[in-house]
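Each chain, letter by letter, is given below.
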Amino acid sequence: MDYARLLFGFSGRTNRARYLAVQLALLTCWLVLWLKSPFGQWEVLQAGAVIAMLWINAATTAKRLHDRNRSGWWAIAVLIVNPLSYVYYALFFGLYFGVDVSGARELLFVMGAVALSVLQTWMVIELFFLIGTDGRNRFGPDPTRTLPKAPLVSHPQSFGVPDFLLQRAGPAARG
């Protein structure tokens, strides 16, 4: 596995397991940066790490969307909706902690919160739970398929054993 291509390239496909592993690693990095935020003289390093993590998130999300046979440009929507929802929820919860707004605005905030929640829920289902397209699609080969295995015995000898018993067991190669 070429990790540089997995983390920084936007072409190809990635399956759910690799996507989840990368997202958990990014979440851990975000947590470490958040807990150690007063870097002082290391602010440039912190900014570089944030840019690298955003790039990795965009690249792996685009590849996961490719696995679902969707355009990688939808990754931009994913990357915008998440921070937007955090800001929106902060404003929404601010209504109940002393901010006075009219009833119409409050209803608009509630409707927006529900819409963002539905959108985020669908994004989680799409990226983490639904399997990718079976076989090759317009973005490349299926990342869950392995190359056909070599036969168990490379030069079977005729000992009266049928050929199909000499082959390695497993799923048939699709072609």
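From a predicted model like this one, the values you see are computed outputs, not experimental measurements. (Residues numbered from 1 in each chain as written. Predicted model: local features only at pLDDT ≥ 70, side-chain atom pairs only at ≥ 80, totals over all residues. Heavy atoms only, no water.)

Undergrad: For the pattern of salt bridges, give the residues involved together with the corresponding values.
TA: Side chains that carry opposite charge are capable of pairing whenever their charged atoms lie near each other. In total, this model carries five salt bridges according to the counting rule given. Measuring nitrogen to oxygen at the nearest pair gives 3.9 Å for the salt bridge that ties Arg13 to Asp142. Note that Arg13 is positioned in the loop between α1 (3-8) and α2 (16-35) and Asp142 in the loop between α5 (103-129) and α6 (163-166), a separation of 129 residues in sequence. In this structure, Asp67 engages Arg64 in a salt bridge whose closest nitrogen and oxygen atoms are separated by 2.7 Å. Placement of the pair is Asp67 and Arg64 together in helix α3 (residues 43-67), with a separation of three residues, close to one helical turn. Note on accessibility: Asp67 and Arg64 belong to one class, buried. Members of the salt-bridge network, linked through shared partners, are Arg13, Arg64, Asp67 and Asp142. (Salt bridge = Lys/Arg side-chain N within 4 Å of Asp/Glu carboxyl O. Helix = DSSP H or I, 4+ residues; strand = E, 2+ residues; numbered from the N terminus. Buried < 20%, exposed > 50% of the residue type's maximum accessible area, 1.4 Å probe, protein only.)

Undergrad: Account for the nonpolar core, with residues named and values stated.
TA: By size, the foremost hydrophobic cluster in this structure holds 13 residues, and its most contacted members are Tyr88, Leu116 and Leu127. Breaking this core down by element, the ones donating at least two residues are α3, α4 (74-94) and α5. Those residues within four positions of Tyr88 in sequence are excluded, and the remaining contacts are Leu108, Phe109, Val110, Gly112, Ala113 and Leu116. Leu6, Val22, Leu26 and Met53 belong to the second largest nonpolar core, which has six residues in total. (Core = buried A, V, L, I, M, F, W, Y, C linked by side-chain atoms within 4.5 Å. Contact = heavy atoms within 4.5 Å.)

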